Amino acid sequence: MSIRRRRIIGIAAACAAALLCAAGCGMNSDHAEEESAQAESSVATEETVEIPIILMVSATTGIKSDEALVDAFNETYEGRYHLDVEWVMETEEEERQNMKRLNVTDELPSILTSLRLLPTFYNRMIEEERVEDLSSYINGDEEWKGMIEEAVLESVTEEDGSIYLAPESTMAFSCSGIFWNEELFAEAGIDDFPQTWEEFWECCDRLQAAGITPLALHTEGTAWAPMLIATAKAAETEEGAAFLRTLYPDTYQNETGEEIAETLVKLFSYTTEDAMYEDFDVAYTHFFSGEAAMIANGYWMIEAIPEEMADTIRFSAFPGNVLISSPETFGWAVVSSYSEEVRAGAVEFLKFRTQKNLEEKEVLFADGGEAGSQALADYLEAYSGAGQFIPNYQANWNSVLQEETLGTYLPLLVEGEITVEEFTAAEDESIAKFNAEN
């Protein structure tokens, strides 16, 4: 059933009223009106409220995101609410563009799952009152608010106290680090994941010397994997960490911006030949085919680890004991244009999501991930012992830079066709274009 089907309650009620009027021509008009109103009320009460939502199917694994959550909600609220899911397989860029397109055509689902990954679009949706302020729901519900970690709630709360993104309970499952292949490391004589950046580059050299490709990288889709590593590297200085926390930096032509560019060039000297102009799925395939020893990604990739590699794939924080996390990017918004019944159901689902996230954390941390893969146990240990959390660049950098500049200029930088200075200048041009468009 398509998410574009709207307000079935009102349609069913109208049909029922019309039938009653046609059948009651000989009845007293007042009595007929009373019967019609009762029938309409009955239909509205008994009809399940459909909650349209778009969720992703991983292009790399075929796994439906949050499928277990959807099934649990639909079972719990059977007869009252039903999540009407449209499963789509899109690249990150396609998902962003489709969200904007559906907004223009007024065909958005009732719940938006990736809104905060588009900072400008997010702010525009707030200004145009296209998404609900959820602060009264969350702050007025002690049970719901009590489920949310203070740092997570703070991340989704605007300066005026409004909340447009219903968060998960914890930031424990929103972190990114590096997955690595223990068998390939062993082939190169490496026993442990490097703890410092100097050791990291030495590790890459040793892997390469052993005929093993160190890193699985790509340049499309905001260059996710290499950008995670490059920004984590920049966080080793106070100036770099402060820069990464800045929303919409006004220039990249500074020491940190140049360092990130230089790190990117170095990273691509350790990757596959087909890393240029490709998206994450290519890097993913190289890693899980055993053709590359490391890939940067987040907690969510753990469920995609093949069963036969469950004891081989490991997870570590970035050198310097750094994890990347922006819990606000995992907050989901409710679209304001839907009926009160649909919006109420959407809010109920978002509270349900917070609860399930809390339960997941409690179960996993209780046994240290022993029932899962080695990477899961590694992740929980890394999260508990992390020395520094830094923001995801996607949450703070302008959309032009992410969606256009990186894909166009990063390959040119890596292939030596432009300099670091020219690359950072192109990044600054994205700022001017972004400001002009907004």
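Refer to the structure above for everything that follows.
Residues numbered from 1 in each chain as written. Predicted model: local features only at pLDDT ≥ 70, side-chain atom pairs only at ≥ 80, totals over all residues. Heavy atoms only, no water.

A. A look at the overall build of the chain. Scanning the chain for helices and strands turns up 19 helices and nine strands. Residues counted as buried form 54% of the 438 residues belonging to the chain. The long-range fraction of contacts in the chain, counting pairs at least 24 apart against all pairs at least 6 apart in sequence, stands at 75%. Put simply, the chain shows about 19300 Å² of open surface, and 47% of that area lies on carbon and sulfur atoms. (Helix = DSSP H or I, 4+ residues; strand = E, 2+ residues; numbered from the N terminus. Buried < 20%, exposed > 50% of the residue type's maximum accessible area, 1.4 Å probe, protein only. Contact = heavy atoms within 4.5 Å. Areas by Shrake-Rupley, 256 points an atom, 1.4 Å probe, with all protein chains shown as cover.)

B. How the structure looks around helix 18 (residues 399-414). Spanning 16 residues, helix 18 covers 22 Å between terminal C-alpha atoms, matching the ideal 22 Å at 1.5 Å per step. Where helix 18 bends most, the angle comes to about 55°, and this point is T405. Judged by how many residues are buried, helix 18 sits mostly within the fold: twelve of 16 residues are covered. S399, V400, L401, Q402, E403, T405, L406, G407, L410, P411, L412 and L413 are the residues of helix 18 that are buried. Structurally, helix 18 contributes buried residues whose contacts are with helix 4 (92-104), helix 5 (119-127), helix 11 (224-234), helix 13 (255-267), helix 17 (393-396) and helix 19 (420-437). The positive-phi residue at the C-terminal boundary of helix 18 is G416, with phi of around 80°. (Expected span 1.5 Å × (residues − 1). Bend = angle between axes of the 7 residues up to and from the residue.)

C. How the structure looks around the pairing of strand 5 (residues 294-298). The buried count for strand 5 comes to five of five residues, which makes it a mostly enclosed element. Along strand 5, one buried face is formed by M294, A296 and G298 and the opposite face, lined by I295 and N297, is buried too. Direction of pairing for strand 4 (residues 175-181) relative to strand 5: antiparallel, over a ladder of five bridges. Within strand 5, the position partnered with F179 by the bridge is I295. (Pairing = 2+ DSSP bridges.)

D. Looking closely at the packing of aromatic side chains. What the rule picks out here adds up to 30 aromatic pairs. Here W201 and Y270 contribute two aromatic rings whose centre-to-centre distance is 6.2 Å and whose plane-to-plane angle is 25°, an arrangement assigned as stacked. Note that W201 is positioned in helix 10 (residues 197-209) and Y270 in the loop between helix 13 and helix 14 (280-288), a separation of 69 residues in sequence. A relative accessible area of 10% places W201 in the buried class. Since its relative accessible area comes to 6%, Y270 is described here as buried. (Phe/Tyr/Trp six-rings, centres within 6.5 Å; stacked < 30°, edge-to-face > 60°.)

E. Local environment of the packing of helix 13 against helix 19. Relative orientation of the contacting elements helix 13 and helix 19 amounts to 120°, with a least axis distance of 9 Å. Regarding the angle of helix 13 to helix 19, the classification is oblique. Judged by the twist between their axes, the crossing of helix 13 over helix 19 is right-handed. The segment helix 13 lies against helix 19, with G257, E258, A261, E262 and L264 engaging V420, F423 and T424. (Axes fitted to C-alpha atoms, helices over the stretch in contact; angles between N-to-C directions. Parallel < 35°, antiparallel > 145°, perpendicular 65-115°, else oblique. Left-handed = near helix turned anticlockwise from the far one by under 90°.)

F. Spatial organisation of a negative patch on the surface. Taken together, the side chains of E273, D274, E278, D281 and E291 define an acidic patch exposed on the protein surface. Locating D281 in the fold gives a position in helix 14. (Patch = residues over 30% accessible without salt bridge, like charges linked within 9 Å, V, L, I, M, F, W, Y side chains within 5 Å. Salt bridge = Lys/Arg side-chain N within 4 Å of Asp/Glu carboxyl O. Lys, Arg positive; Asp, Glu negative; His and termini not counted. Charge placed at Lys NZ, Arg CZ, Asp CG, Glu CD.)

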